[in-house]
Amino acid sequence: MTASSPNLLFGTIDEARTALADGSITSTALTQSVFDHIEAIEADVHAFIRLDRSNAMEAAKEADQRREQGATLGPLDGIPISIKDQIVTKGLETTAGSKILSGYIPPYDATVVQRLKKAGAIILGKNNQDEFAMGSSTEYSAYGATSNPYDLSRVPGGSSGGSAAAVAAGAGFASLGTDTGGSIRQPAAFCGVVGVKPTYGRVSRFGSIAFASSLDQIGPITRTVRDAAHMLQAIGGPDPRDSTCRDTPMPDLLSSLEDGAKGLRIGIVKEAFEPDGLDPEISSRVMETANQLAAAGAELVPVSIPSLPHAIAAYYLTATAEASSNLARYDGVRYGQRADIGDVRKANLVDMYNQTRSEGFGPEVKRRILLGTYALSAGYYDAFYVKAQRVRTLIGRDFQRAFQQCDALCLPTSPVAPFAQGERTADPLQMYLADIYTIACNLARVCAVSVPAGLDASGLPVGVQFICNHMQEPMLLRVARACEVQTGGYNPPTPIQGLSAEGG
Ligand code: GLN
């Protein structure tokens, strides 16, 4: 890092871009300094499952050459970023945090990865996550847990915990996560960064390892809303390889970004402030933020999503049912690891499946496959799966009704602050309950964002969530930016500055 830019590691994409453009740093030097920084902090944070140094340095060199020739590609050219391990990367081992996929080298790039590479972004490596994106703490990774950069004894959230921790800790300017029920927004909230769950169908899922296909979406995790706009602009839009991806081109996300709070109608969701499990400090911080927006010219409108309390049950039936079907493909034949079954002439196929799946999947993934298989089984299908779909329809209707009254809904991202490592793993239900505010929006297929809203009394980040209607990403990011102006947004975590070779 040059002496003139000691804080660039924790800076924004636009700041890095300016430094690259005015020649005060090269992409090669920037990428090298990010790797040095990762080396200094990774033993404590463990945000990555693997790094891809040689390809990243090669890509950085190419970005520098393009710049020299006046052929720079766009805002992401030469910018180091990372990718959640749920998303496939050509030639780079991709495991989705699972032992069953260890050794799997994808022969292709996910559409989003292809688009980022085409935009000149430098891919540092793959971020840690809960196995197959099932979890809210990144403790269910087969490759060890990730720590929260603001307090290393606490979880970073999940399942995209490695992505959020990396971005918060200055290990790259952005990451891509996946969000099936909150896995981008909740870790973003826990790590004091911005996380966007786009509308279902806004971003191609081609190459996103399937967890629950009717809920999964890829989205960016960044330090600022503007950086999220750059990333989403690059990855979004139609893709013939994903039939659920809509044909509508991605609108310009930057032109309305600074339109401010004036005239916005912000819906305050009544049911979101009622649950017993809601931390009073989070509740008051979210209301404070809403009031700041009101002082800046927004109108606060009370709205109701009566079905919100039923979202957890509907989600955990829908998501597990889809997962039980999606994960049937890991049979020891087509991907990754196969259990050692001894002499193949004596072995039997069913035993091989059983042994591979018993050894390859972790306890949370097994729990979900069992739950999902049960919910889909004859005799229970109507009582569980079909009923969950009915509730899903009602949730969608409630959202549509609410959006008749307002432009964006405002609610907490998580009811609790980042919890201590090990605090919730013993009781899965406690882990599931922490998803109350994020999952309804996946069921309704609408878009949402978590924006940092300062720290609580213990110095832990608090996130505020905004939800907008289908395909309203320009509005979503405008609201998020207006909020960021009020709260001050991202602040580098002190424990990391202590660890860094740069010393912050
Ligand atoms: N925490 C939720 C779950 O465990 C959401 C996960 C996700 O969005 N991938 O299913």
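Residues numbered from 1 in each chain as written. Predicted model: local features only at pLDDT ≥ 70, side-chain atom pairs only at ≥ 80, totals over all residues. Heavy atoms only, no water.

## Re the side chain of Q217
Part 1 of the reasoning: With respect to the helices and strands, Q217 occurs in strand β6 (residues 217–222).
Part 2 of the reasoning: A relative accessible area of 1% means that Q217 is categorised as buried.
Part 3 of the reasoning: Engagement of the side chain of Q217 in a polar contact is seen with the backbone nitrogen of V203, the distance being 3.3 Å.
Part 4 of the reasoning: If we ignore the near neighbours within four places in the chain, the residues touching Q217 are G177, T178, D179, I184, K197, P198, T199, Y200, G201, R202, V203 and R205. (Helix = DSSP H or I, 4+ residues; strand = E, 2+ residues; numbered from the N terminus. Buried < 20%, exposed > 50% of the residue type's maximum accessible area, 1.4 Å probe, protein only. Polar contact = N/O pair within 3.5 Å; in protein donor to acceptor, adjacent residues only side chain to side chain. Contact = heavy atoms within 4.5 Å.)

## Some remarks on the environment of G237
Part 1 of the reasoning: Mapped onto the elements, G237 comes out in the loop between α7 (225–235) and β7 (265–269).
Part 2 of the reasoning: When its relative accessible area of 3% is taken as the criterion, G237 is described as buried.
Part 3 of the reasoning: C-alpha of G237 to C-alpha of I266: the two residues are 29 residues apart in sequence and 27 Å apart in space.
Part 4 of the reasoning: Those residues in contact with G237 that lie beyond four places of it in its chain are R115, R202, C245, R246, T248 and M250.

## Description of the site of the ligand
Part 1 of the reasoning: In the vicinity of the ligand, 15 residues are found, and the nearest of them are T180, G181, S183, Y315 and R368.
Part 2 of the reasoning: One of the backbone nitrogen or oxygen atoms of T180 is found 2.8 Å away from an oxygen atom of the ligand.
Part 3 of the reasoning: Y316 places a polar side-chain atom, nitrogen or oxygen, 3.3 Å from an oxygen atom of the ligand.
Part 4 of the reasoning: Taking 290 Å² as the accessible area of the ligand by itself, protein coverage stands at 99%.
Part 5 of the reasoning: Of the pockets mapped on this structure, the ligand occupies the largest cavity.
Part 6 of the reasoning: For the shell around the ligand, the residue count by class is five nonpolar, seven polar and three charged. (Near = heavy atom within 4 Å. Areas by Shrake-Rupley, 256 points an atom, 1.4 Å probe, with all protein chains shown as cover. 1 Å grid on protein atoms, 1.4 Å probe; cavity = no way out; pocket = protein on both sides within 12 Å on 5 of 7 lines; lining within 4 Å. Sits in = over half its atoms within 2 Å of the grid points. Nonpolar A, V, L, I, M, F, W, Y, C, P; charged D, E, K, R; others polar.)

## Quick word on the environment of E131
Part 1 of the reasoning: Assignment of secondary structure puts E131 in the loop between β3 (122–127) and α5 (161–168).
Part 2 of the reasoning: On the basis of relative accessible area, E131 is assigned to the buried category, the value being 4%.
Part 3 of the reasoning: On a C-alpha basis, the gap between E131 and Y143 in space is 9.0 Å, while along the polypeptide they are twelve residues apart.
Part 4 of the reasoning: Residues within four places of E131 in sequence aside, it is in contact with A96, G97, S98, K99, Y140, S141, G360, F361, G362 and V365.
Part 5 of the reasoning: At a separation of 3.0 Å, a polar atom in the side chain of E131 contacts the main-chain amide nitrogen of G362.

## Considerations on the packing of helix α8 (residues 280–295) against helix α15 (residues 473–487)
Part 1 of the reasoning: Between α8 and α15, the shortest axis-to-axis distance is 10 Å and the interhelical angle comes to 100 degrees. One finds that α8 runs roughly perpendicular with respect to α15. Note on element contacts: α15 touches α8 through A482, C483, Q486 and T487, opposite T289, Q292 and L293.
Part 2 of the reasoning: Looking at the contact of α8 with α15, its residues break down into three nonpolar, four polar and no charged. (Axes fitted to C-alpha atoms, helices over the stretch in contact; angles between N-to-C directions. Parallel < 35°, antiparallel > 145°, perpendicular 65-115°, else oblique.)

## Thoughts on the pairing of strand β11 (residues 461–468)
Part 1 of the reasoning: With eight of eight residues buried, β11 lies mostly within the body of the structure.
Part 2 of the reasoning: Sheet topology note: the strand β9 (residues 408–412)/β11 ladder contains four bridges and is antiparallel. Note on β11: the bridge partner recorded for C410 is F466.
Part 3 of the reasoning: Note that strand β10 (residues 447–455) and β11 share seven bridges and pair antiparallel. Across the sheet, residue A448 finds its bridge partner in β11, namely I467.
Part 4 of the reasoning: Remark: five residues form the turn of the hairpin made by β10 and β11, two consecutive strands paired antiparallel; G459 in that turn has positive phi of roughly 80 degrees. (Pairing = 2+ DSSP bridges.)

## Focus: the pattern of salt bridges
Part 1 of the reasoning: Summed over the entire model, instances satisfying the criterion amount to 26 salt bridges.
Part 2 of the reasoning: Taking the shortest distance from any N to any O, the salt bridge between R154 and D151 comes out at 3.0 Å.
Part 3 of the reasoning: You can call D151 partly exposed: its relative accessible area is 24%.
Part 4 of the reasoning: Between K270 and E274 there is a salt bridge, with its nearest N and O atoms 3.9 Å apart.
Part 5 of the reasoning: Its relative accessible area of 47% is what places E274 among the partly exposed residues.
Part 6 of the reasoning: Through salt bridges with shared partners, one network takes in D14, R17, R226, E258, R481 and E484. (Salt bridge = Lys/Arg side-chain N within 4 Å of Asp/Glu carboxyl O.)

## What to know about unusual backbone geometry
Part 1 of the reasoning: With an omega of 10 degrees, the peptide bond running from G158 to S159 counts as cis.
Part 2 of the reasoning: Mapped onto the fold, S159 is located in the loop between β3 and α5.
Part 3 of the reasoning: Positive phi is not limited to glycine here, since A96 has a value of about 55 degrees.
Part 4 of the reasoning: Inspection of the secondary structure assignment puts A96 in the loop between β2 (80–84) and α4 (111–118).
Part 5 of the reasoning: Positioned with a positive phi, T138 is a non-glycine residue whose angle comes to about 65 degrees.
Part 6 of the reasoning: Within the secondary structure, T138 sits in the loop between β3 and α5.
Part 7 of the reasoning: On the accessibility criterion, T138 (0% relative accessible area) is buried.

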